[in-house]
Number of protein chains: 2
Amino acid sequence: MTAAPTRALARAAVSTAILDSARRHLAESGPAALSLRAVARDIGMASSAVYRYFPSRDRLLERLIADAHDAMSAAAEAAETAVPRDDLPGRWTAVLTAVHGWARAHPHEYALVYGTPVPGYRPPDMTMDDAGRVGLLIVRILQDAARAGRLHLDALRAATAEAPPSDHLRHELDMLTAEVLGAAEAAENPVPPEAVAAAVAAWTHLFGTVNFSVFGQYDSLFCDSDAYVAFSARQFAALLGLT
Amino acid sequence: MTAAPTRALARAAVSTAILDSARRHLAESGPAALSLRAVARDIGMASSAVYRYFPSRDRLLERLIADAHDAMSAAAEAAETAVPRDDLPGRWTAVLTAVHGWARAHPHEYALVYGTPVPGYRPPDMTMDDAGRVGLLIVRILQDAARAGRLHLDALRAATAEAPPSDHLRHELDMLTAEVLGAAEAAENPVPPEAVAAAVAAWTHLFGTVNFSVFGQYDSLFCDSDAYVAFSARQFAALLGLT
DNA sequence: CGATTGTCGAGAGCGGTGCTCTGTTTTTCG
DNA sequence: CGAAAAACAGAGCACCGCTCTCGACAATCG
């Protein structure tokens, strides 16, 4: 048929077969049940042969984690870019509901990404723009809001009155602004550190809510936790003064 | 010495020895490394003998989870009762810093309680007053604040203007008030559902923050994440209008 | 007090796991 | 075509959770 090296094609095919089987086992039975021998059995290979493709079970798991992270971030980004740029509350709720929906659809994969880190965890470098892509979305939304004056900056600063953030913390928050916006833009059009802190808080709040929802912490309170999550998103935005 | 049945004493001693060893292994190497054979080796018993005390590894783990939950809740309660009842922001930050401190001191045990639930998870009934003891503290603080008018109720209600919570959700929030305050007190001195929703949000925010801090999600942002956590606690209280 | 009963601990063993090593087969390339 | 390289299968090691059996001890009863 083709003069192309059949070996490389076969390798790619087997590799994806392994990943597919692993993802299936992961989704069905959780990470503890993901065993190299089981996937080898699944795809009709000797367990030792799988090691030609992934040097260890943990490496395979890491690959699944990275893929899951990508998928979740992509879902969030797709949802966020679909709403008009100046609808700030809409962008916020879009991110939250996208992450929440993805997490409910893939609870085990979500747990791998934002649940308890796996023992030998090593998110490559966890800079804000590869690992924390949804964090990036949130920060951008709040930066846009702060620069447009569509945030309760006075309320956010209220905590500052009696106990201001340390100079070091302010500096780190400014660094985050510079990283996201670019140094030049950040210098020309600064974002108050309180707003950046609020963005981190919003990011935290988002995953805290999704965690509690996916891991069943709301089940004893609400029979329809989705309703609470949706309302909570609006209430949090209102609290920030996001308009 | 004592005429008491020596057998029961020995049993209790062995039981606590098993739990201590298990807790040690858990703290050092995480839940995946907790093996019955290892603790048996540790305390000089045959692995099969351990089954006289705990019918399975998962049961032992559940016991450790329950104990950890108790310890964490106790730490939070002790810290909260130590501050004057009318210092509402102080009570809030006390709970948060207590939980945060405990979690940093016992990260693996914290992960068992509020991280990814273990595969065969079964928090007994997860009613608000046994499993969610720190949630109870938070709800009480916000209820006290709402009834004393020391909350930005208008801001909390802002989300309601355009998209009010469903009747069902309001009812569930009122149920929570009744459960915490008692039906009579709740009927006589009602708490607006928006305030209860804010309490749930605060509870969520607390554990979201502690999760991100303990699981290293802030490490790429702040070199001293404790400073952010402390500031974030004050900022969130200011946002709620907690005075 | 002596015999019975019940608990405890040890050991062997089953099926499972991750991972390594040794050969054998198959593909690729000089 | 023949040599080098890659892919695969199987056996094997150490470890795991868990079960079963069997001897030793304490607790209880006649």
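Residues numbered from 1 in each chain as written. Chains lettered and ligands numbered in written order. Predicted model: local features only at pLDDT ≥ 70, side-chain atom pairs only at ≥ 80, totals over all residues. Heavy atoms only, no water.

Going by an unreviewed UniProt entry, chain A carries the name HTH tetR-type domain-containing protein and comes from Mangrovactinospora gilvigrisea.

To continue, consider helix α9 (residues 167-181) of chain A. Here α9 of chain A contains 15 residues, and its C-alpha end-to-end distance of 21 Å stays within 8% of the 21 Å for a straight helix at 1.5 Å per residue. Listed in full, the buried residues belonging to α9 of chain A are L169, E172, L173, L176, T177, V180 and L181 of chain A. The buried residues of α9 of chain A occupy one face: seen down the axis, they fall within an arc of 160°. Elements that come into contact with the buried residues of α9 of chain A comprise α7 (133-147), α10 (183-188) and α11 (193-214) of chain A together with α12 (225-240) of chain B. (Helix = DSSP H or I, 4+ residues; strand = E, 2+ residues; numbered from the N terminus. Expected span 1.5 Å × (residues − 1). Buried < 20%, exposed > 50% of the residue type's maximum accessible area, 1.4 Å probe, protein only. Arc of directions from axis to C-beta. Contact = heavy atoms within 4.5 Å.)

Around DNA strand C sit 23 residues in total, of which R37, R41 and R57 of chain A together with A46 and R52 of chain B are the nearest. Backbone atoms, meaning sugar and phosphate, form 55% of the atoms of DNA strand C found within 4 Å of the protein. Between DNA strand C and R41 of chain A there is a distance of 2.5 Å, counted from a phosphate oxygen to a side-chain nitrogen or oxygen. Within the side chain of R11 of chain B, a nitrogen or oxygen atom sits 2.7 Å from a phosphate oxygen of DNA strand C. By residue number, the principal contributor to the surface near DNA strand C is helix α2 (residues 36-43) of chain A, which donates 3 residues. Here the surface near DNA strand C is composed, by residue class, of 8 nonpolar, 7 polar and 8 charged. (Near = heavy atom within 4 Å. Polar contact = N/O pair within 3.5 Å; in protein donor to acceptor, adjacent residues only side chain to side chain. Nonpolar A, V, L, I, M, F, W, Y, C, P; charged D, E, K, R; others polar.)

By the element assignment, T160 of chain A lies in helix α8 (residues 153-162). Of the residues examined, T160 of chain A reaches a relative accessible area of 14% and is grouped as buried. Aside from chain neighbours lying at most four places away, what touches T160 of chain A is P165 and E194 of chain A together with F231 of chain B.

What follows concerns the domain arrangement of chain A. All names here are of chain A. Examined at the domain level, chain A breaks down into domain 1 (1-55) and domain 2 (64-240). For domain 1 and domain 2, the distance between their C-alpha centroids amounts to 35 Å. Facing 10 residues of domain 1, the contacting portion of domain 2 comprises 5 residues. Across the domain 1-domain 2 interface, the total number found is 1 salt bridge. R23 serves as the salt-bridge partner of D67, at 3.4 Å between the closest nitrogen and oxygen. Summed over the shared surface of domain 1 and domain 2, the result is 3 residue pairs in polar contact (both at pLDDT 80 or more). Here the residues of the side of domain 1 that touches domain 2 are counted per class, giving 6 nonpolar, 2 polar and 2 charged. (Domains from an automatic or database assignment. Salt bridge = Lys/Arg side-chain N within 4 Å of Asp/Glu carboxyl O.)

Quick look at the UniProt feature "DNA-binding region" (unreviewed entry) in chain A now. As annotated in UniProt, the feature "DNA-binding region" (unreviewed entry) corresponds to residues 35-54 of chain A in the numbering used here. The span residues 35-54 of chain A is 60% helical and 0% strand by assignment, and the distance between its end C-alpha atoms comes to 12 Å. (UniProt positions renumbered as here; feature names shortened; annotations may be inferred.)

Let's shift gears to the relation of the copies chain B and chain A. You can overlay chain B on chain A at an RMSD of 0.1 Å; the transform is a turn of 180° with a shift of 0.0 Å along its axis. Taken together, these values place the two copies in the relation of a two-fold axis. Taking C-alpha positions as reference, the residue of chain B nearest the rotation axis is G208 of chain B, located at 1.9 Å. Most of the interface of chain B is mirrored in chain A, where 98% of its interface residues again form contacts. (Least-squares fit on C-alpha atoms with pLDDT ≥ 70 in both.)

Among all positions in helix α8 (residues 153-162) of chain B, only L153, A155, L156, A159 and T160 of chain B are buried. Close packing links the buried residues of α8 of chain B with α12 (225-240) of chain A together with α11 (193-214) and α12 of chain B.

Right, let's talk about the packing of helix α6 (residues 107-114) of chain B against α11 of chain B for a bit. All names here are of chain B. Viewed as axis vectors pointing N to C, α6 and α11 meet at an angle of 140°, and their least axial separation amounts to 11 Å. Overall, the two elements α6 and α11 adopt an arrangement that is oblique. With respect to the hand of their crossing, α6 and α11 are arranged in left-handed fashion. Along its contact with α6, which presents P107, Y110 and Y114, the element α11 presents W203, F207, V210, N211 and V214. In terms of residue class, the contact of α6 with α11 is made up of 7 nonpolar, 1 polar and no charged. (Axes fitted to C-alpha atoms, helices over the stretch in contact; angles between N-to-C directions. Parallel < 35°, antiparallel > 145°, perpendicular 65-115°, else oblique. Left-handed = near helix turned anticlockwise from the far one by under 90°.)

On the chain A side, the residues contacting the 51 residues of chain B number 52 residues. Summed over the shared surface of chain B and chain A, the number is 0 salt bridges. Counting only elements with at least two residues in the side of chain B that touches chain A, the list comes to α6, α8, α9 (167-181), α11 and α12 of chain B. Considering each element in turn, the side of chain B that touches chain A owes the most residues, 12 residues, to α11 of chain B. Residue composition of the side of chain B that touches chain A, by class: 36 nonpolar, 11 polar and 4 charged.

Attention shifts here to the protein's contact with DNA strand D. As a matter of local geometry, DNA strand D sits amid 22 residues, with R7, R52 and Y53 of chain A together with R37 and R41 of chain B nearest to it. Within 4 Å of the protein, the atoms of DNA strand D are drawn from sugar and phosphate moieties in a proportion of 53%. Separating a phosphate oxygen of DNA strand D from a backbone N or O atom of L36 of chain B is a distance of 2.7 Å. Within the residue set of the surface near DNA strand D, elements represented by two or more residues are α1 (6-29) and α3 (47-50) of chain A together with α1 (6-29), α2 (36-43) and α3 (47-50) of chain B.

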